[in-house]
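So you can see what is in the structure, the chains are spelled out below.
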Amino acid sequence: MNIETSVRQRYSKGASERQESLCCPISYDNSLLDQLPDEIIEKDYGCGDPSRYVQEGDVVLDLGSGGGKICYMAAQLVGSRGQVIGIDANDDMLALARKYQADMSARLGCDRVRFMKGYIQDLALDLDALESYLKENPVRSQHDYAGLRAWENNQRINHPMIPDASVDLVISNCVLNLVSDHEKQQLVDEIFRVLKPGGRIAISDIISDKPVPAAMKQDAELWSGCISGAFQETEFLQSFAARGFQAVCYDKWESEPWRVMNGIEFRAVTLTALKGPIDTTGQQRHSLIYAGPFAQVMDESGRSYPRGERILVNAAEHACLTSAAYRGVFIDPDSHSATASASTPCCSSTSTTGNSKSDNGCCG
Ligand SMILES: C[S@@+](CC[C@H](N)C(=O)[O-])C[C@H]1O[C@@H](n2cnc3c(N)ncnc32)[C@H](O)[C@@H]1O
């Protein structure tokens, strides 16, 4: 059986009855869970809680929303100006999430959540629209296939399901590992595309401490069980940093592995980052001091910040490096007079070894 079929069958089953083997212990904010139907809480196949990164006013995109638990939690946090979009490719999971939509709107006093059918590695293509097209235009020949491809391309360009730069926060709970390895780069590209400049990500997923051998990757059961498709721990961070994300870090790291197989540890983590860089060309009028404890840190562009030295940065860099994502790393010696602009875009990110940040914010 191929990976995609195995994933579809497994999560269709998971939508109708709880699958114990897919469950990972997580502590959620109970005040948010209190509002949710039991069935949604029970059919929870996440490995973290990205809802804690949601801020008021956010447009939130949940990749692989499953039964909708994180979406309905996020809906309680975004407030009246925010909205939440859940994407899933599985009809049964979408039906489960949508089953409670009217009830949840009544309970929360708002209708801020919608669920859409799509692949998270192809966020421009609405699969409901694709199905309608195929009903009208069945593919029976190479000519029909060429027509389908042209229609798909037109959809992606002119009617994207998730438009460019439209999302403040992309979250996901235990789904990226299910995307095939050859589409993982496209997935990271898509996340970058849909985020607004300075937008944030909070991705809870399973990672491995060592490379996963081919024999395990070919095992459809292990793949659909969130094991063999896991990113390797260094590769996960590097994939986002290489795409241009800033402040990429493991905000949560479970020391106890979720599974150990063939000597490989598979554990739950939460990766956070910001979309940047935007502008590093402005005049360097602000100074910042790296507070320590390391001798120096280096940003993604290779610039070093030796401990205790005043380093000149431009306004965009200043706003970014003093934002919540870097909280506590830099001292602003002119803070009595300097004001970070909330709308200033991100600068180059800085990697530090300390990783216990929480509540990562946008630049500014
Ligand atoms: C492990 S479950 C997690 C569900 C949910 N995030 C939660 O916390 O319970 C994985 C979900 O991702 C969906 N999924 C898997 N691969 C996908 C893909 N490439 N595109 C969209 N959804 C996908 C599955 O249908 C399933 O609902």
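Residues numbered from 1 in each chain as written. Predicted model: local features only at pLDDT ≥ 70, side-chain atom pairs only at ≥ 80, totals over all residues. Heavy atoms only, no water.

1. Some remarks on the overall build of the protein chain
A tally of helices and strands in the protein chain yields 13 helices and 15 strands. In terms of overall dimensions, the protein chain has C-alpha extents of about 65 × 50 × 45 Å along its principal axes. Counting over 364 residues, the protein chain shows a buried share of 53%. A separation threshold of at least 6 residues defines the contact pool for the protein chain, and within that pool the share at least 24 residues apart is 73%. (Helix = DSSP H or I, 4+ residues; strand = E, 2+ residues; numbered from the N terminus. Buried < 20%, exposed > 50% of the residue type's maximum accessible area, 1.4 Å probe, protein only. Contact = heavy atoms within 4.5 Å.)

2. Some details on the domain arrangement of the protein chain
Partitioning the protein chain into structural domains gives domain 1 (3-124 + 162-275), domain 2 (125-159) and domain 3 (286-351). Once you take the C-alpha centre of each, domain 1 and domain 3 turn out to be 31 Å apart. (Domains from an automatic or database assignment.)

3. Considering the packing of aromatic side chains
Throughout the structure, instances matching the rule amount to 11 aromatic pairs. Taking the centre distance of 5.6 Å and the plane angle of 70 degrees together, the rings of Y72 and F115 count as edge-to-face. You can see Y72 sitting in helix α4 (residues 69-75) and its partner F115 sitting in strand β3 (residues 113-117), a full 43 residues away along the chain. As far as burial versus exposure is concerned, Y72 and F115 are alike and both buried. (Phe/Tyr/Trp six-rings, centres within 6.5 Å; stacked < 30°, edge-to-face > 60°.)

4. Section: the pairing of strand β10 (residues 286-290)
Among the 5 residues in β10, 4 count as buried, and that is most of the element. Of the pairings in the sheet, the one linking β10 to strand β14 (residues 330-331) comprises 2 bridges and is antiparallel in character. Bridge pairing in β14 links Y290 to F330. (Pairing = 2+ DSSP bridges.)

5. A look at the site of the ligand
Around the ligand sit 23 residues, and of these Y45, G64, D88, Q121 and N173 come closest. One nitrogen or oxygen atom from the main chain of G64 is found 2.7 Å from a nitrogen atom belonging to the ligand. N173 places a main-chain nitrogen or oxygen 3.1 Å from a nitrogen atom of the ligand. Grouping the amino acids of the shell around the ligand by side-chain chemistry returns 12 nonpolar, 8 polar and 3 charged. (Near = heavy atom within 4 Å. Polar contact = N/O pair within 3.5 Å; in protein donor to acceptor, adjacent residues only side chain to side chain. Nonpolar A, V, L, I, M, F, W, Y, C, P; charged D, E, K, R; others polar.)

6. Quick word on the pattern of salt bridges
Applying the stated criterion across every chain, the model contains 24 salt bridges. Between K117 and D91 there is a salt bridge, with the nearest N and O atoms lying 2.8 Å from each other. With K117 in strand β3 and D91 in helix α5 (residues 91-99), this pair connects stretches of sequence that are 26 residues apart. Since its relative accessible area comes to 4%, K117 is described here as buried. The exposure class assigned to D91 is partly exposed, which follows from its relative accessible area of 46%. Salt bridges sharing common partners tie together E39, K43 and K99. (Salt bridge = Lys/Arg side-chain N within 4 Å of Asp/Glu carboxyl O.)

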